[in-house]
Amino acid sequence: MDITDLRDRIINRDRRALARAITLIESSRPDHRAQAAELMEALKTTDRQAIRIGLSGTPGVGKSTFIESFGTMLTEQGLRVAVLAVDPSSARSGGSILGDKTRMENLSRNPNAFIRPSPSQTHLGGVARRTREAVALCEAAGFDVVLIETVGVGQSETVVAEMSDLFILLLAPAGGDELQGVKRGIMEMADIILVNKADGDLKAVATRTCSDYAGALRLLRKRPQDPEGFPKAMMVSALHEEGLRKAWEEMTTLISWRRETGHFDGRRAEQARYWFEQEVRQGLLARLETPEARLAMSDYATRVAEGTVTPTVAARAVLDAFGGN
Ligand SMILES: Nc1nc2c(ncn2[C@@H]2O[C@H](COP(=O)(O)OP(=O)(O)O)[C@@H](O)[C@H]2O)c(=O)[nH]1
Ligand SMILES: [Mg+2]
């Protein structure tokens, strides 16, 4: 594969080249990994910058419907929109986006949109790296907004938040005053909470849910990256395309403020540092996953259990053998 040619075509906003490049970075073949690294390095110098929006919510809250209507609205404003997903379970489920492309019928046919399902990997670490590189590729391909969807299942929110400029939590109207069991840690990551399905019979419940969350957000510790009034809770109807323009206005207001105050660049720098450290950790752990290392580990484990060698000495021996190069 001609990497220079692929690079040029990506820069020329060729969506097919972008799709091929993402396939390349998703491959685990060593020669592909090397080419992927070369491509990422070659694209590093483009100074294009998208707004990266992480979107999380449990199945059924309306993520796909929201992406369809919100994404379409953005393209109508002349923006180019890419949609990616982080779904560590997609090896089994076939991908969160792929499964409901029907809900994104218009967007998937829109020439100013690009939709890519989650890479099929069972390892969250592997999905994270590939998605992170796919985000960078979309950015180099001149997309203005990159939406990164994730199903709200534990760890994947953190992964998405760590590669986003904005983190949006999508919720459904809920009866009663319980806060839908949303974990505090996830609330703390949210920049904007969108209570979806604020339409028809659900409107009244949505209003109450929204004010409950607005109250809960006010109780959280103030974060330096937020101007007055953020994080905030708002109502939308993805189905009836209501509140989407307002939501986008709030997002751009927040982004502009963060750009002016240096928080935008600061956060990206922190994220780069975070991913670097993650990669080092994962690389070290991967060295213990080779057949030789596994064998040595189990041999030493047996001897440690028998008491013929101490845990400290055994650990040192394994690290000396496999931790270095
Ligand atoms: N009333 C109403 N229903 C919605 C809205 N958004 C999504 N839904 C419905 O909720 C269900 C789940 O939506 P979907 O987008 O597939 O949710 P996802 O699993 O989070 O991707 C579908 O039946 C949608 O039609 C909305 O704004 N209002
Ligand atoms: Mg969906």
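In the block above lies the structure referred to throughout.
All of these numbers come straight from a predicted model, not from anything done at the bench.

S.K.: Describe the nonpolar core, and please don't skip the residues or the numbers.
M.R.: Within the largest apolar cluster, 68 residues are counted, with the highest numbers of intra-cluster contacts made by Leu137, Cys138, Val146 and Val195. Looking at which domains feed residues into this core, each of domain 1 (1-45) and domain 2 (48-261) supplies at least three. Those residues in contact with Cys138, other than ones at most four positions away along the chain, are Leu18, Ala50, Ala82, Phe114, Phe143 and Val146.

S.K.: Run through the pairing of strand E1 (residues 51-57), naming residues and quoting values.
M.R.: For E1, the tally of buried residues reaches six of seven residues, placing the bulk of the element in the interior. Two strands pair when backbone bridges link them, and E1 and strand E5 (residues 166-171) are joined in this way by four bridges, in the parallel orientation. Bridging across to E5, Leu55 finds its partner in Ile168.

S.K.: Describe the site of ligand 1, listing the residues and the values that go with them.
M.R.: Neighbouring residues of ligand 1: 17 residues in total, closest Gly62, Lys63, Ser64, Thr65 and Leu239. With three residues, the single largest contributor to the shell around ligand 1 is helix H4 (residues 63-76). Residue composition of the shell around ligand 1, grouped by class: five nonpolar, seven polar and five charged.

S.K.: Quick rundown of the environment of Glu26? Include the residues and the values.
M.R.: Turning to its location among the elements, Glu26 is positioned in helix H2 (residues 15-26). Once the C-alpha coordinates of Glu26 and Glu133 are considered, the two residues, 107 residues apart in sequence, prove to be 9.1 Å apart. Leave out the neighbours within four places in its chain, and Glu26 touches Pro119 and Arg130.

About the criteria used
Residues numbered from 1 in each chain as written. Chains lettered and ligands numbered in written order. Predicted model: local features only at pLDDT ≥ 70, side-chain atom pairs only at ≥ 80, totals over all residues. Core = buried A, V, L, I, M, F, W, Y, C linked by C-beta atoms within 7 Å. Buried ≥ 20, exposed ≤ 12 C-beta atoms within 10 Å, placed from the backbone. Domains from an automatic or database assignment. Contact = placed C-beta atoms within 7 Å. Helix = DSSP H or I, 4+ residues; strand = E, 2+ residues; numbered from the N terminus. Pairing = 2+ DSSP bridges. Near = placed C-beta within 6 Å. Nonpolar A, V, L, I, M, F, W, Y, C, P; charged D, E, K, R; others polar.

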